[in-house]
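Overview (structure and organization)
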Amino acid sequence: MSEIARGLDGVVLTETRLSMVDGQAGKLVIGGYPVEALAPNATYEEAAYLLWHGRLPKQAELDALRKDLSENRAIPAISLNVLHAAAERKLPPMDGLRMGVDTLSLTDANPTDASRSANLERSVRLVARIPTVIAAYWRLLLGKEPVAPRP
């Protein structure tokens, strides 16, 4: 029997409540649901909620999450500045994504708050803003200005 390592140093395998992968048997379980059952039946927002809360959302919770995501899609000016600089150098899209995402924490009102609620709020902002970073960088690479997200 294999020993399960704790921590990050040299970790190849560890326990998680979020998923289970058995490549030999062709099994992938996410949040307790086989991926073949989850993928055709759950939206992106439902899957995110499942990973954050350990269960699928009720309709009111899903509506609230969608509203929160919609209200947090805009990216800060500092992120746009970095994306402009990266696009001027024609850096690859993955570099633009990495650099743009790295700047998102600069506008966190309380970056030292490590509470579950603060981290959940950060998660929502991050998930909401990543598509905006991608779209903005792609437009900048094409020589166009980014388009502000619409609800």
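Residues numbered from 1 in each chain as written. Predicted model: local features only at pLDDT ≥ 70, side-chain atom pairs only at ≥ 80, totals over all residues. Heavy atoms only, no water.

1. Digging into the overall build of the protein
When helices and strands are counted, the protein shows 6 helices and 3 strands. Order of helices (α) and strands (β) in the protein, N terminus to C terminus: β-β-β-α-α-α-α-α-α. Within the protein, residue pairs in contact and separated by at least 24 positions form 51% of the contacts whose partners lie at least 6 positions apart. In the form shown here, the protein has an accessible surface area of approximately 10,400 Å², with 58% of it arising from carbon and sulfur atoms. (Helix = DSSP H or I, 4+ residues; strand = E, 2+ residues; numbered from the N terminus. Contact = heavy atoms within 4.5 Å. Areas by Shrake-Rupley, 256 points an atom, 1.4 Å probe, with all protein chains shown as cover.)

2. Here we look at the side chain of Arg122
Relative to the assigned elements, Arg122 resides in helix 6 (residues 116-141). A polar contact of 2.7 Å, which involves the side chain of Arg122, links it to the side chain of Asn119. Those residues in contact with Arg122 that lie beyond four places of it in its chain are Asp108, Asn110, Pro111, Thr112 and Asp113. (Polar contact = N/O pair within 3.5 Å; in protein donor to acceptor, adjacent residues only side chain to side chain.)

3. Things to note about helix 3 (residues 59-71)
Its 13 residues give helix 3 an end-to-end C-alpha distance of 18 Å, which sits within 8% of 18 Å, the value for a rise of 1.5 Å per residue. All of the buried residues in helix 3 are Leu62, Leu65 and Leu69. Here the buried residues of helix 3 occupy an arc of 60° about the axis, which is enough to place them on one side. Exposed residues lying more than 90 degrees from the buried face of helix 3 are Gln59, Ala60 and Glu71. Check the buried side of helix 3 and you find it contacts helix 2 (44-53) and helix 6. (Expected span 1.5 Å × (residues − 1). Buried < 20%, exposed > 50% of the residue type's maximum accessible area, 1.4 Å probe, protein only. Arc of directions from axis to C-beta.)

4. Quick look at the nonpolar core
In terms of nonpolar packing, the biggest core is built from 10 residues, these being Ile75, Leu83, Ala86, Ala87, Leu104, Val133, Ala136, Tyr137, Leu140 and Leu141. Per-element tally for this core: the top contributor is helix 6, with 5 residues. With sequence-adjacent residues up to four places away left out, Leu83 is seen in contact with Ile75, Gly96, Gly100, Val133, Ala136, Tyr137 and Leu140. One finds Ala48, Tyr49, Leu69 and Ala128 within the second-largest nonpolar core, a separate group that totals 8 residues. (Core = buried A, V, L, I, M, F, W, Y, C linked by side-chain atoms within 4.5 Å.)

5. Observations concerning the side chain of Asp108
Here Asp108 lies in the loop between helix 5 (93-103) and helix 6. The exposure class assigned to Asp108 is buried, which follows from its relative accessible area of 15%. Aside from chain neighbours lying at most four places away, what touches Asp108 is Arg122 and Arg125.

6. With respect to unusual backbone geometry
In terms of backbone geometry, most residues other than glycine have negative phi values and most peptide bonds are trans. The phi dihedral of Lys90 is positive, around 60°, even though this residue is not glycine. The residue Lys90 is located in the loop between helix 4 (77-88) and helix 5 in this model. Classification of Lys90 as exposed rests on a relative accessible area of 56%.

7. A few points about the sheet that holds strand 3 (residues 33-34)
Strand order in the open sheet formed by 3 strands is 1-2-3, with antiparallel pairing between adjacent strands. A single partner strand is all that each edge strand has here, and the edge strands are strand 1 (19-22) and strand 3. As paired elements, strand 2 (residues 27-30) and strand 3 share 2 bridges and run antiparallel to each other. Opposite Ile30, over in strand 3, you have Tyr33 as the bridge partner. (Pairing = 2+ DSSP bridges.)

8. Quick look at helix 5
In an α-helix, one turn spans 3.6 residues, which is why side chains three or four residues apart end up on the same side. Listed in full, the buried residues belonging to helix 5 are Gly96, Gly100 and Thr103. Seen along its axis, helix 5 keeps its buried residues to an arc of 60°; they face one direction. Taken together, the buried residues of helix 5 touch helix 4 and helix 6.

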